[in-house]
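What the coordinates show
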Amino acid sequence: MGNNELPRDLIEAMRSAKCVFVFTGAGASKESGLPTFREIDGEWTRHDPMTFATFEGFISNPVKVWNLYRLRQRQIASAQPNPAHTTIAEMEQYYPEFLLCTQNVDDLHERAGSRKIVKLHGDAWQMRCLDCGKIFDTRDFDLPDEFTEETLPKCPKCGGLCRPNIVWFGEYVPHEAMAAALDMVSRCDLMLIVGTSGEVSGGYGFAQQARANGATVVEINPSEGVLTRYAHFWVPEPAGLALPRIWKSVTDRCRAQ
Ligand code: OAD
Ligand code: ZN
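Here is a short report on the structure shown in this document. All figures in this text were calculated on a predicted structure; none of them were measured in a lab.

Moving on: helix α6 (residues 62-78). The periodicity of an α-helix, 3.6 residues per turn, causes residues three or four positions apart to be oriented the same way. Between its first and last C-alpha, α6 extends 24 Å over 17 residues, near the 24 Å set by a 1.5 Å rise per residue. Those residues of α6 that sit buried are P62, V63, V65, W66, N67, L68, Y69, R70, R72, Q73 and I76. Residues of α6 that are buried make contact with α3 (43-46), α4 (49-52), α5 (55-60), α8 (108-112), β4 (122-129) and β6 (162-166).

By nearness alone, 23 residues border ligand 1, and F37, V167, T196, S197 and N221 come closest of all. Within the shell around ligand 1, the residues separate by chemical class into 9 nonpolar, 10 polar and 4 charged. No fewer than three residues from each of domain 1 (1-32 + 81-121 + 173-257) and domain 2 (35-78 + 122-166) sit in the shell around ligand 1.

So, on to the coordination of the zinc ion (ligand 2). Looking at the zinc ion (ligand 2), the protein donor atoms are C129 (SG), C132 (SG), C155 (SG) and C158 (SG), and they sit 2.3 to 2.4 Å from it. One way to put it: the 4 donor atoms around the zinc ion (ligand 2) meet at angles of 98 to 122°, and that makes the site tetrahedral. All donors to the zinc ion (ligand 2) come from one chain, and their sequence spacing reads C-x2-C-x22-C-x2-C. With C129 in strand β4 and C155 in the loop between β5 (135-137) and β6, this pair connects stretches of sequence that are 26 residues apart. Neither C129 nor C155 differs from the other in exposure class; each is buried.

A separate point is the side chain of E92. Looking at where E92 falls in the secondary structure, it is placed in helix α7 (residues 83-94). Buried charge without a salt bridge: E92, with K116 as the nearest opposite-charge side chain at an N-O distance of 5.5 Å. If near-sequence neighbours (up to four positions away) are discounted, E92 is found in contact with F98, S114, R115 and K116.

Now for the state of the cysteines. Tallied over the full model, the rule gives 0 disulfides. Here C101 is not disulfide-linked; the sulfur of C188 is the nearest cysteine sulfur, at 11 Å.

With respect to burial, β6 is a largely interior element, 5 of its 5 residues being buried. With 4 bridges joining them, β4 and β6 adopt antiparallel strand pairing. Directly across from M127, in β6, lies its bridge partner P164.

Glancing now at the packing of aromatic side chains. A complete count under the given rule lists 13 aromatic pairs for this structure. Ring plane angle 40° and centroid distance 5.6 Å describe the contact between F58 and W168, whose orientation is recorded as tilted. Taken together, the residues F58 in helix α5 and W168 in the loop between β6 and α9 (175-187) connect sequence positions 110 residues apart. Note on W168: relative accessible area 3%, which makes it buried.

Judged by side-chain polarity, F55, I59 and L130 come together as a nonpolar surface patch covering roughly 230 Å² of accessible area. Relative to the helices and strands, F55 is located in helix α5.

With that out of the way, let us pick up the packing of α7 against helix α11 (residues 239-256). Between α7 and α11, the shortest axis-to-axis distance is 8 Å and the interhelical angle comes to 30°. One way to sum up the angle between α7 and α11 is to call them roughly parallel. Taken as a pair, α7 and α11 cross one another with a handedness that is left-handed. Listed contacts from α11 to P83, A84, T87, I88, E90, M91 and Y94 of α7 are A239, G240, L243, P244, W247, V250 and C254. When its residues are assigned to classes, the contact of α7 with α11 shows 11 nonpolar, 2 polar and 1 charged.

Parameters at a glance
Residues numbered from 1 in each chain as written. Chains lettered and ligands numbered in written order. Predicted model: local features only at pLDDT ≥ 70, side-chain atom pairs only at ≥ 80, totals over all residues. Heavy atoms only, no water. Helix = DSSP H or I, 4+ residues; strand = E, 2+ residues; numbered from the N terminus. Expected span 1.5 Å × (residues − 1). Buried < 20%, exposed > 50% of the residue type's maximum accessible area, 1.4 Å probe, protein only. Contact = heavy atoms within 4.5 Å. Near = heavy atom within 4 Å. Nonpolar A, V, L, I, M, F, W, Y, C, P; charged D, E, K, R; others polar. Domains from an automatic or database assignment. Donors = N, O, S within 2.8 Å, 3.2 Å for Na, K, Ca; no water. Tetrahedral: all angles 85-135°; square planar, octahedral: opposite > 155°, others 65-115°. Lys, Arg positive; Asp, Glu negative; His and termini not counted. Salt bridge = Lys/Arg side-chain N within 4 Å of Asp/Glu carboxyl O. Disulfide = S-S within 2.5 Å. Pairing = 2+ DSSP bridges. Phe/Tyr/Trp six-rings, centres within 6.5 Å; stacked < 30°, edge-to-face > 60°. Patch = residues over 30% accessible without salt bridge, like charges linked within 9 Å, V, L, I, M, F, W, Y side chains within 5 Å. Areas by Shrake-Rupley, 256 points an atom, 1.4 Å probe, with all protein chains shown as cover. Axes fitted to C-alpha atoms, helices over the stretch in contact; angles between N-to-C directions. Parallel < 35°, antiparallel > 145°, perpendicular 65-115°, else oblique. Left-handed = near helix turned anticlockwise from the far one by under 90°.

Written out as structure tokens, the structure is:
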């Protein structure tokens, strides 16, 4: 799509929206160098999700699972927010009501400046005690890059084994994050979907509910996915290119008026 080909109605819908719900997935962080899950080079092609993303997998080999999450933490630490993250952070300043709901466990949205954010699938920096349920920031402890049985992270309150505070397959998403997302789904006039296949998130029903409630639904993703059928506008481009370009058209239009 060239610059002139952005649909006028898309720009107008984004300009006039008052209550905006943004929903992101791994594709939003791809241009920062972090892998997605279900693409050819994705995490779940290289690592078996039953081993690395289920409670049963963790219990049968916590060292192996933790060491992969420690590696991911190092990848996240060396990645930088891309223009998709920074544009979404700018959008938060512009709209009277705004919520970013991300499935990503990295912190690139926060580092780009997003504050009105809920994390649906947990946080890669956090660990949670299996016994007392308390959540800790792994960066507050002097943890090794690679664990052994002896050095696995233990709860500073009760001594229980800690796990990554990430939502694994078969687990519930955090109630508060889901409630906040559903509230916006029911009230938003614009929903922007960025970089998710919808393979997991299709099950949450956000896009179809927002559309049924009268919101304009916009998707940015180079590939068609489960949620594309609910989008009024699909922009088939990488988010780091498309979002700044769309946002420039929206803000130029505002200044022209
Ligand atoms: P997926 O790997 O399922 O989908 C990534 C999507 O990003 C695909 O639709 C790609 O086409 C798209 N994509 C790739 N590059 C892009 C770019 N530059 N700009 C925009 N889009 C791009 O990842 P998710 O949908 O996020 O859960 O996966 C959902 C959940 O499944 C994840 O949160 C994770 C995984 O199991 C947990 O880890 C709990
Ligand atoms: Zn504990």
